[in-house]
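# Secondary and tertiary structure notes
Spelled out, the chains give:
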Amino acid sequence: MPTWEEKLSERLDPQLAAEIDKFETEIALRKQGKLDEKVFAETRLRRGCYGQRYDNGHRHDGIRSQELRYTTDLTKGPDTLWDAPGMQRIKIPFGGLNPDQMDVLADLAEEYADGVLHVTTRQDFQYHFVHIDDTPSIMRRLGAVGITTREACGNSIRNVTACPLAGVCNTEAFDVIPYARAMAKFMLGHPDAQNFGRKFKIAFSGCRQEACGLVNMHDMGAIAVTRVENGKVRRGFEVYVGGGLGAVPHDAKLFDAFVPEEELLPLAQAISRVFGRLGEKKQRDRARIKFLIAKLGVEEFKRLVTEERQTLQPDPRWTEYLEGAGKYAEKPLKSPTFLNGQKRPEGFDAWYSTNVYRQKQAGYVVASITLPLGDLSSWQMRELAGIARRFSGDSVRTTVEQNIVLRWVSETDLPDLYRELRRVGLGAPGAGTIVDVTACPGTDTCKLGISSSRGLAGELRTQLAAKSFNLDDAVKNLRIKISGCFNSCGQHHIADLGFYGMSINVGNRKVPHFQVVLGGKWRDNAGAYGLPLVRVPSKRIPVVIDRITDRYVRERKDSESFQDFLKRVGKKDLRAMLEDLTKIPPYEVDPSFYSDWGDPREYTIGDMGVGECAGEVVSPAQFALAGADTLVFDAQLHLDSGEYDLADQLAYKAMLQAALSLVRAESPEARDDADSTIQEFRTRFFDTNIWGDRYAGNKFAQYLFLRHASPPTTHTNDQAHRLVEEAQLFVDAVYRGHEILAERGAR
Amino acid sequence: MEFSRLGIKLFAIDSSAVRVKDFVQIFHSWIQKQCVDNHQLIDVHDYSHIHHGPGILLVAHEGNFSIDMAEGKPGLAYFRKKPAGTSEETLRASLKAALHAASLIEAEPSLEGRVRFLKDKLVVISNDRLLAPNNATAFEEVKPTLAKVFGTKADFTHASAGTKDRLTILVSGIEV
């Protein structure tokens, strides 16, 4: 029987081929029981083979938890069954694709997954429902067209992202693509990047003021800048470090205002060494480089990196790409032309107004293809490859907004291009508008998902698209981003209207909720992070959007931005406006609240049976938790007013109050003082691991312990902002803690 | 030429009767009842937002079922993921699974008999470009296997839309 290994042996880079062969051997060893499951888990993650929801062999079907029976008990990681379908992530450096690669990506989705390609918020592709046995073939076929899955997951350097407009952007300093490409290649499998405690993400931007590469939320970000030295223009990068979203977002810190281009790769290498050596390894939730930099301070971190840089042996790869970088330019497929009097198809003008960007090269445009929920079918991908061959050549990019763009389209071709996109169902307008909702996989496929981010995104997209023609321009350009949990894969912190999923107990049932996060800034490379305002049942989120946007249209002053409007109105007022939406009708009155968008199953009924309705009995714990919520909110108000010390104190107090509510659930007479609360909480819930969320572990408890042990000596916006975020997450987790206690009690 | 991964698509008699979202609930209920023989049903995925896409997908360990909207022709698709023995056995097993799922849909009370499938023609798709490439040679080679399963009176037409598509065969003149 022929194999892809034989068929493609001539076309694979020998190093990559050896790497895939090694993985195949590791699969065989694991099957023979000769490789530990934990070791295998990390090795597959480093090849982009990720777990997927229900891969522990259990799934709640809405009535009961079912055991999924597979043919083997073999595991591919702790509590992860071999036969359970998984996710394959595919790295696409800077989102760059050509039509041949698109064809192969389409074929593989069809043959090994479910016929769908999903674009992620970091310009990757993901396949879902893939069997681990098929992954070496997937890797070989991708490798034959120059794509790797290596280090797409795991504690490694992830996909290097860049602005999809790089090279054609009107405001960029220069095209960052040669640098992003060189960085991706240089750091792939680099020995100095194999000893990280957590993942490491790098992004490139061509300019500061646009969203561009979202540098502020990356472990390492580089913004193109130039300097004139001795009458010559010199290229370099403003380099930032230690940014990140996750549960608690950190702003990146300026590392150096000008790193000359020849120093960029050695700098990344030196940073990797310092991170590998000093970064946290045991406590996973404190292991990103942002925690190391927060601990050391950016100046000390810089000193260590600079010192490390001096010890590096020169590597020709640091600079050998530079000769071509200055001259690098993409070759357009066609001559530049302008859109003149051609007949425009129906719907063209609306599409043109949102989906077309005029390049700095006159006569050429970038056409955005809006992908609902970041998805397209194999057939669409193959058709799109053909369309790209006809209209734009090799210059295709995925975007962090889960879309695809065709660059270097000759403007006069736009009506024909639009007709072709419409033919394959990819001609929807609304790119980069409120309709173009970004969402992580959430409960659809992610093991960590709490609420259905895709279900909500689909619903919002449908509702907003239906009324998009009547939406005010100010609202049209807002962005919605949704994460299924606090981990921010949907990038909710940097949206105008952000949401992250959570679950709340009502009586003995659970209700899917989303935290409403407002005040984030997409532009300026993810210039500001939003803060949670209030948690609202999932089914009422469309009303939240209506209310906020209606009010913005009604009350905004002149050309007041959304962020300025929110600041002016204030969180108190905004929260009051949404307060009634937090009330949940009893199940018997409206059961729709007790299932999630797009999923008719009752939302985790657990094993508790039907109990009293919400609102009938309010326990002291519920009162205490509501009080903790209020304290976090007040902390936010002080943060907004610049009273960082008060924000810090109230956030800390909120955590203590929430912790005490759990302690008193077990020991009603427990004393109300900080030391005793911490001690009791630690003994009863942390040390016993009763409270620890299965995936997040006890990370939220650490927020409280750290703040209690080391109160801040100086109060800054950064520190207070972080503690307020941490307090909110801690209080949310205590809600879950009470659920766990209730479940244990019921059993 | 071998069938290893194989798809069968049965077309709906009345396209307008297929309301794709109905199948989210229906497929979830199949999982609750685990009512598809020889399949470990796992999850339901809603892809109805994709134009001419897989519609609603029911994922199983052995193969995926979907209310498939490809080419704008709604139908029931079944894609087997692993061989079930020889090519003939794999084809028979796939056909059996597809017909079983079709019978469940046709009997589904909530659909009130609206959705029925053509039984005199269907499509067979080889979902493996290595073992069964899309070319005339492979098509000729697969015919004897098809004839064993569908009978010698059946008509087989090489129906792949383009050279990059999978080997697709329209089987007509049958009664399954």
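Structure: see above.
Residues numbered from 1 in each chain as written. Chains lettered and ligands numbered in written order. Predicted model: local features only at pLDDT ≥ 70, side-chain atom pairs only at ≥ 80, totals over all residues. Heavy atoms only, no water.

### Quick look at the interface of chain A and chain B
Contact residues are listed per partner, giving 51 residues for chain A and 34 residues for chain B. In total, chain A and chain B occlude about 3400 Å² of area from one another, counting both sides; carbon and sulfur atoms represent 55% of this. Scanning the region where chain A abuts chain B turns up eight salt bridges. One salt bridge connects A:D107 with B:R129, and the closest N-O pair in it is separated by 3.3 Å. Applying the counting criterion to the chain A and chain B interface returns 19 residue pairs in polar contact (both at pLDDT 80 or more). Sorting the residues of the side of chain A that touches chain B by element identifies α1 (4-8), β3 (65-67), α4 (99-112), β17 (375-377), α12 (378-391) and β26 (599-602) of chain A as the ones contributing at least two each. No other element matches the five residues that α4(A) contributes to the side of chain A that touches chain B. For the side of chain A that touches chain B, the per-class residue count stands at 18 nonpolar, ten polar and 23 charged. (Contact = heavy atoms within 4.5 Å. Buried area = accessible area lost by both parts, 1.4 Å probe. Salt bridge = Lys/Arg side-chain N within 4 Å of Asp/Glu carboxyl O. Polar contact = N/O pair within 3.5 Å; in protein donor to acceptor, adjacent residues only side chain to side chain. Helix = DSSP H or I, 4+ residues; strand = E, 2+ residues; numbered from the N terminus. Nonpolar A, V, L, I, M, F, W, Y, C, P; charged D, E, K, R; others polar.)

### Here we look at unusual backbone geometry
Trans is the prevailing form of peptide bonds, just as negative phi is the prevailing case for residues other than glycine. For A:Q402, which is not glycine, the phi torsion reads 65 degrees and is therefore positive. Along the chain, the position of A:Q402 falls in the loop between β18 (396-398) and β19 (404-410). Unlike most non-glycine residues, B:Q34 shows phi in positive territory, near 45 degrees. Mapped onto the elements, B:Q34 comes out in the loop between α1 (22-33) and β2 (41-47).

### Focus on the pairing of strand β1 (residues 6-12) of chain B
All names here are of chain B. With seven of its seven residues buried, β1 lies for the most part within the structure. In this sheet, strand β5 (residues 75-80) lies alongside β1 in antiparallel orientation, the contact comprising six bridges. The residue bridging G7 from the neighbouring strand is F79, located in β5. Where β1 and strand β6 (residues 117-126) come together, six bridges link them in antiparallel fashion. Pairing of K9 across the sheet is with V123, part of β6. (Buried < 20%, exposed > 50% of the residue type's maximum accessible area, 1.4 Å probe, protein only. Pairing = 2+ DSSP bridges.)

### Side note on the packing of aromatic side chains
All names here are of chain A. For the structure on display, the rule yields 29 aromatic pairs over all chains. Pairing Y179 with F237 gives two aromatic rings, centres 5.0 Å apart and planes at 70 degrees, and the pair type is edge-to-face. Remark: F237 occurs in strand β13 (residues 232-241) and Y179 occurs in helix α6 (residues 177-187); sequence separation between them is 58 residues. By the ring-pair criterion, three or more aromatic residues cluster together here, those being F174, Y179, F204, F237 and Y321. A cation over a ring is seen here: K302 above F255, with NZ or CZ 5.7 Å from the ring centre. Above the face of the Y552 ring, R556 is positioned so that its terminal group lies 5.6 Å from the ring centre. (Phe/Tyr/Trp six-rings, centres within 6.5 Å; stacked < 30°, edge-to-face > 60°. Lys NZ or Arg CZ within 6 Å of the ring centre and 35° of its normal.)

### Side note on the packing of helix α17 (residues 541-555) of chain A against helix α18 (residues 562-569) of chain A
Residue and element names in this part refer to chain A. Where α17 meets α18, the axes come as close as 11 Å, and the angle between the chain directions of the two elements is 90 degrees. Between α17 and α18, the angle is such that the two are roughly perpendicular. Between α17 and α18, the residues in contact are I548, R551, Y552 and E555 and F562, F565, R568 and V569, respectively. Of the residues that constitute the contact of α17 with α18, the class distribution is five nonpolar, no polar and three charged. (Axes fitted to C-alpha atoms, helices over the stretch in contact; angles between N-to-C directions. Parallel < 35°, antiparallel > 145°, perpendicular 65-115°, else oblique.)

### A few points about helix α11 (residues 348-355) of chain A
Residue and element names in this part refer to chain A. Taken together, the buried positions of α11 are occupied by F348, W351 and N355. The buried side chains of α11 occupy one side of the element, clustering within an arc of 65 degrees when seen end-on. Looking at the packing, one finds that the buried side of α11 touches β15 (356-358), β16 (364-369) and α13 (414-423). (Arc of directions from axis to C-beta.)

### What about the sheet that holds β5(B)?
Residues and elements named next belong to chain B. The antiparallel open sheet is built from eight strands, whose spatial order is β2-β3-β4-β5-β1-β6-β8-β7. Two strands close off the open sheet at either side, each with one partner strand: β2 and β7 (155-158). Neighbouring strand axes in the sheet, compared pairwise and without regard to direction, differ in orientation by 20 degrees on average. In this sheet, strand β8 (residues 168-172) lies alongside β6 in antiparallel orientation, the contact comprising five bridges.

### Some thoughts on the pattern of salt bridges
Two side chains of opposite charge can pair, provided their charged atoms sit close to one another. Taken as a whole, this structure holds 80 salt bridges over all chains when the rule is applied. Here A:E262 and A:R234 are joined by a salt bridge, their closest N and O atoms 2.5 Å apart. Residue A:E262 is found in the loop between β14 (253-260) and α7 (264-278), and its partner A:R234 is found in strand β13; the two are separated by 28 residues along the sequence. The exposure class of A:R234 is partly exposed, given its relative accessible area of 27%. Across the pair A:D573 and A:R551 runs a salt bridge, and its minimum N-O distance is 3.1 Å. Of the two residues, A:D573 sits in helix α19 (residues 571-578) while A:R551 sits in helix α17, which places them 22 residues apart along the sequence. With relative accessibility at 11%, the residue A:R551 sits in the buried group. Linked through salt bridges whose partners overlap, the residues forming this network are A:D107, A:E110, A:E111, A:R141, A:R382, B:R129, B:D165 and B:R166.

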